[in-house]
Amino acid sequence: MSVSSAPRRTPLHALHSKAGAKLVDFHGWELPLQFSGIIKEHQAVRAACGIFDVSHMGQAAIEGPQALELLGRIFSNDAARLAPGQAHYTHMLNEKGGVIDDVILSRLAPERFFVVLNASNAEGDLAWIGSHARGMNLRIVDRREGFGMVAVQGPAAAKTLACLLPGCGDLARFGAREERLYGHDVLLTRTGYTGEDGFEVAAPEPILSRLWENLEAAGASYGLLPCGLGARDTLRLEAGLLLHGSDVDPEHTPLEAGYPWVVRLGARDFVGKAALERQKKEGVSRRLLGVKLAERGVPRPGGGVRAGGRLLGTLTSATFSPTLQTGIGMAYLPPDVEPGAALEVDVHGRAAAAQACALPFYRRKPT
Amino acid sequence: MNVKPEACRYAQSHEWVSLDGASAVVGISDHAQKEITDVVFVDLPKPGRKVTKGEAVAVVESVKAAFDIYAPVSGEIEAANAALAGNPALVNQAPHGDGWLFKIKPSDPKEADALMSFSDYEKFLKSAAH
């Protein structure tokens, strides 16, 4: 595929325009930044329900007798631990243990897997996966064209989606299964990027608009709002979820990012394993921590994080937290900086008092 | 407080000015509040501060970014809108009303004449220049 200057549009673009969404360029995609307002949308997801067009995400099916062998080799989490009907969060690593991409991998049947890739990485990911699959008995189906995905997130997500997919509430957290919707096959997973209960529905293009409009109608009485990238970012940052390219990248390992549980060392060999074993033994020289402002102001990505004036790191992500009503961010800091440590953050030309804290900033109450 | 957008003068940086006797009330335009998105903090100048036209005197922070607000005329800050500390969203809800930012006592009342009229500002918004 060639790089074009014209922004790519999702199958739901016309609906977003009609709804008056404020559209922005996101890695070459024209996507809604907001519909009714970032804070309003954020609060709808925390209190009720929000729907997100995440059709820009890459999708691929990996199927065949050697699919598991391939996935075991290229992912840090152990795909063999997935029973059919389960999904998990996992990292694709380079030889240095750096994160090429962070993805959700679903196992639909013993030899059938499905992976959701970050939009900006999908091209490179598929090339990487293809290069490791050479000579293996399997096939990789690129589903970036002709398919889309809608996320339904929030405490009212299950009852909203049940209007379209009755029984979706039975699906366990990180469960994955195929369903029929409007005469088409869709993939349903109980996953998300908001810190709330929720689902993601990967569906073919012809039924996406109908899916979106029917979700809006089904959730209207619960307070459902269509949500844009703005709320998606504040929600995921409060929940301590990583944004690839900002919080984690090929220069940082999952151990440095504070995600040791996505690394299953075990007996299996995988790309990056040796580097991670070494890092585990020697200890990390930096780790991703939360930073919370102790005074007014909104920190921004790239802002310096200091202690006693000495620069320790820079904010990889940062925003205003609608839930905490304060500025929050993440930064790679030396390992001797403990949660609770007093810091300063560069905020619009001044040093604002802040505190290091463990992630996440927000954890939903158990239901 | 409410001022008619049509009666205000506008800076290219999207502040509006409404002359009220010897004072100039300053806020940001409806177009600007929409571009800025949800305002979460406003830093305002202290009364008594001398400001020069074009000087960054306030900061409006939204979820997405921080925006400098420039003095549209020179003079002395007379008042700042204290209501914004507790309810910064007023800037979005009523940019020409309770979301006003500060008042300046202009050193040269004629300086505001150099700013755009409402119709010129509307033309300016439509042009690709802004």
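All residue numbers refer to position in the chain's written sequence, counted from 1. Here the convention is simple: chains get letters from A, ligands get numbers from 1, in the order in which they are written. Thresholds applied to this predicted model are a pLDDT of at least 70 for local features of residues and 80 or more for the giving and counting of side-chain atom pairs; totals over whole chains, interfaces and linings are not thresholded and use all residues.

**Digging into the overall build of chain B**
Logical step 1: To qualify as a helix, a DSSP run of H or I must reach at least 4 residues; to qualify as a strand, a run of E must reach at least 2; elements of each kind are numbered from the N terminus. Of the regular secondary structure elements, chain B holds four helices and nine strands.
Logical step 2: When the elements of chain B are put in sequence order from the N terminus, they spell out β-β-β-α-β-β-β-β-β-α-α-β-α.
Logical step 3: As defined in this context, the radius of gyration uses C-alpha atoms, and a globule is described by 2.2 Å times the residue total to the power 0.38. For a compact globule of 130 residues, the expected C-alpha radius of gyration is about 14 Å, and chain B comes in at 13 Å, within 12% of that figure.
Logical step 4: Dimensions along the principal axes, computed over C-alpha positions, put chain B at roughly 35 × 35 × 25 Å.
Logical step 5: Exposure is read from a count of other C-beta atoms within 10 Å of each residue's own; the residue is exposed at 12 or fewer, buried at 20 or more and partly exposed in between. C-beta atoms are placed from the backbone. For chain B, the residues scored as buried account for 41% of the 130 residues in total.
Logical step 6: In chain B, the share of contacts with a sequence separation of at least 24, taken over all contacts with a separation of at least 6, comes to 62%. Residues are treated as contacting if the C-beta atoms built from their backbones sit within 7 Å of each other.

**Describing helix 6 (residues 205-219) of chain A**
Residues and elements named next belong to chain A.
Logical step 1: Take the residue count of a helix, subtract one, and multiply by 1.5 Å to get its expected span. The terminal C-alpha atoms of helix 6 lie 22 Å apart, and with 15 residues this matches the ideal 21 Å at 1.5 Å per residue to within 8%.
Logical step 2: By the burial criterion, the buried members of helix 6 are Leu208, Leu211, Trp212, Leu215, Ala218 and Gly219. Summarising the axial view, the buried residues of helix 6 lie within an arc of 135°, below the 170-degree limit, and thus occupy one face. Facing away from the buried side of helix 6, by more than 90 degrees, are the exposed residues Pro206 and Glu213.
Logical step 3: Contacts made by the buried residues of helix 6 are with helix 1 (13-18), strand 3 (50-53), strand 9 (147-153), helix 5 (157-161), strand 10 (176-181) and strand 12 (198-204). Regarding the arc, it is the one traced by the directions from the helix axis to the C-beta atoms.

**Some thoughts on the sheet that holds strand 15 (residues 304-307) of chain A**
Residues and elements named next belong to chain A.
Logical step 1: In this scheme, strands are said to pair when DSSP sees at least two bridges between them. The strand order around the closed barrel formed by six strands is 14-17-16-15-18-19, and the pairing between neighbours is antiparallel. Averaged over all neighbouring strand pairs, the angle between strand axes comes to 40°, with direction disregarded.
Logical step 2: Relative to strand 16 (residues 310-321), helix 7 (residues 229-238) is tilted by about 125°, and along the sheet it contacts strand 16 and strand 17 (326-333). Every axis corresponds to a line fitted to the C-alpha atoms, with the helix fit spanning only the stretch in contact, and the corresponding angles, defined between N-to-C directions, vary from 0 to 180 degrees.

**Considering the nonpolar core**
Logical step 1: Counting 125 residues, the largest nonpolar core has A:Ile51, A:Leu71, A:Leu105, A:Val150, A:Val152, A:Val201 and A:Val291 as its most contacted members.
Logical step 2: Filtering out sequence-adjacent residues up to four positions away, A:Val291 remains in contact with A:Val305, A:Leu315, A:Ile328, A:Gly329, A:Met330, A:Ala331, A:Leu343, A:Val345, A:Ala354 and A:Ala356. To form a nonpolar core, buried Ala, Val, Leu, Ile, Met, Phe, Trp, Tyr and Cys residues must be joined through C-beta atoms within 7 Å.

**Focus: the pairing of strand 5 (residues 86-93) of chain A**
All names here are of chain A.
Logical step 1: Across the eight residues of strand 5, six count as buried, placing the element largely inside the fold.
Logical step 2: By the bridge criterion, eight bridges tie strand 5 to strand 6 (residues 99-109) in an arrangement that is antiparallel. When the bridges of strand 6 are listed, methionine 92 appears paired with aspartate 101.
Logical step 3: What sits between the antiparallel neighbours strand 5 and strand 6 is a turn of five residues, in which glycine 97 has the positive phi angle 85°.

**Concerning the domain arrangement of chain A**
Residue and element names in this part refer to chain A.
Logical step 1: For each domain, the first and last residues come from an automatic or database assignment. Split into domains, chain A comes out as domain 1 (13-55 + 145-238) and domain 2 (285-357).
Logical step 2: Spacing between the C-alpha centres of domain 1 and domain 2 amounts to 31 Å.
Logical step 3: Listed per partner, the contact involves eight residues of domain 1 and six residues of domain 2.
Logical step 4: Each residue receives one of three labels: charged for Asp, Glu, Lys and Arg, nonpolar for Ala, Val, Leu, Ile, Met, Phe, Trp, Tyr, Cys and Pro, and polar for the others, Gly being one of them. Class assignment for the residues of the side of domain 1 that touches domain 2 results in two nonpolar, three polar and three charged.

**Points about the interface of chain A and chain B**
Logical step 1: With 12 residues of chain A at the contact, the number on the chain B side is nine residues.
Logical step 2: When its residues are assigned to classes, the side of chain A that touches chain B shows four nonpolar, seven polar and one charged.

**With respect to the packing of helix 3 (residues 67-74) of chain A against helix 4 (residues 122-133) of chain A**
All names here are of chain A.
Logical step 1: Contact pair helix 3 / helix 4: the axes reach a minimum separation of 10 Å and the direction vectors enclose 120°. By the angle between their directions, the pair helix 3 and helix 4 is classed as oblique. Regarding helix 3 and helix 4, the two cross each other, and that crossing is right-handed. Residues Leu70, Arg73 and Ile74 of helix 3 form the contact with helix 4, whose participating residues are Ile129, His132 and Ala133.
Logical step 2: Class assignment of the residues belonging to the contact of helix 3 with helix 4 gives a composition of four nonpolar, one polar and one charged. Each angle receives one of four descriptions, namely roughly parallel if under 35 degrees, roughly antiparallel if over 145, roughly perpendicular if within 65 to 115, and oblique otherwise. By convention, the crossing between two helices is left-handed when the near helix turns anticlockwise from the far helix through less than a right angle, and right-handed when the turn is clockwise.

**Considering the sheet that holds strand 8 (residues 75-80) of chain B**
Residues and elements named next belong to chain B.
Logical step 1: An order of 1-2-3-9-8-5 is seen for the six strands of this open sheet, with the pairing classed as antiparallel. Strand pairing shows two members of the sheet lacking a second neighbour, strand 1 (9-10) and strand 5 (50-51), which therefore form its edges.
Logical step 2: Summarising the sheet, strand 2 (residues 15-20) and strand 3 (residues 23-28) pair through six bridges and their orientation is antiparallel. Directly across from aspartate 20, in strand 3, lies its bridge partner serine 23.

**Section: unusual backbone geometry**
Apart from glycine, the bulk of residues carry a negative phi angle, and the bulk of peptide bonds sit in the trans form.
Residue and element names in this part refer to chain A.
Logical step 1: Here the amide bond leading from leucine 359 into proline 360 is cis, since omega sits at 0°, within 30 degrees of zero.
Logical step 2: Structurally, the position occupied by proline 360 is in the segment after strand 19 (350-357).
Logical step 3: The backbone of histidine 27 sits at a positive phi, close to 45°, despite the residue not being glycine.
Logical step 4: Relative to the assigned elements, histidine 27 resides in the loop between strand 1 (22-26) and strand 2 (29-34).
Logical step 5: For histidine 27, a count of 14 C-beta atoms within 10 Å corresponds to the partly exposed category.
Logical step 6: Its identity is not glycine, yet tyrosine 182 carries a phi of approximately 50°, on the positive side.
Logical step 7: Tracing the backbone through its elements, the reader meets tyrosine 182 in the loop between strand 10 and strand 11 (184-189).
Logical step 8: According to the C-beta neighbour criterion, tyrosine 182 is partly exposed, with 13 such atoms within 10 Å.

**Some points on the environment of B:Phe102**
Residue and element names in this part refer to chain B.
Logical step 1: Looking at the element boundaries, phenylalanine 102 is found in strand 9 (residues 102-106).
Logical step 2: With 45 residues separating them along the chain, phenylalanine 102 and valine 57 place their C-alpha atoms 9.8 Å apart.
Logical step 3: Discounting chain neighbours no more than four positions away, the residues touching phenylalanine 102 are Val26, Leu44, Pro45, Ala58, Ile77, Ala79, Ala80 and Asn81.

**With respect to the environment of A:Thr234**
Logical step 1: On the secondary structure map, A:Thr234 appears in helix 7.
Logical step 2: In this structure A:Thr234 comes out as buried when scored by C-beta crowding, with 25 C-beta atoms within 10 Å.
Logical step 3: When sequence neighbours within four positions are dropped, the list of residues in contact with A:Thr234 reads A:Ile38, A:His42, A:Thr319, A:Ser321, A:Pro322 and B:Val63.

**Focus: the environment of A:Ala231**
Residue and element names in this part refer to chain A.
Logical step 1: Inspection of the secondary structure puts alanine 231 in helix 7.
Logical step 2: Measuring from C-alpha to C-alpha, the distance between alanine 231 and isoleucine 328 comes to 14 Å, with 97 residues separating the pair along the chain.
Logical step 3: Those residues in contact with alanine 231, other than ones at most four positions away along the chain, are Ile38, Glu41, His42, Val45 and Gly50.

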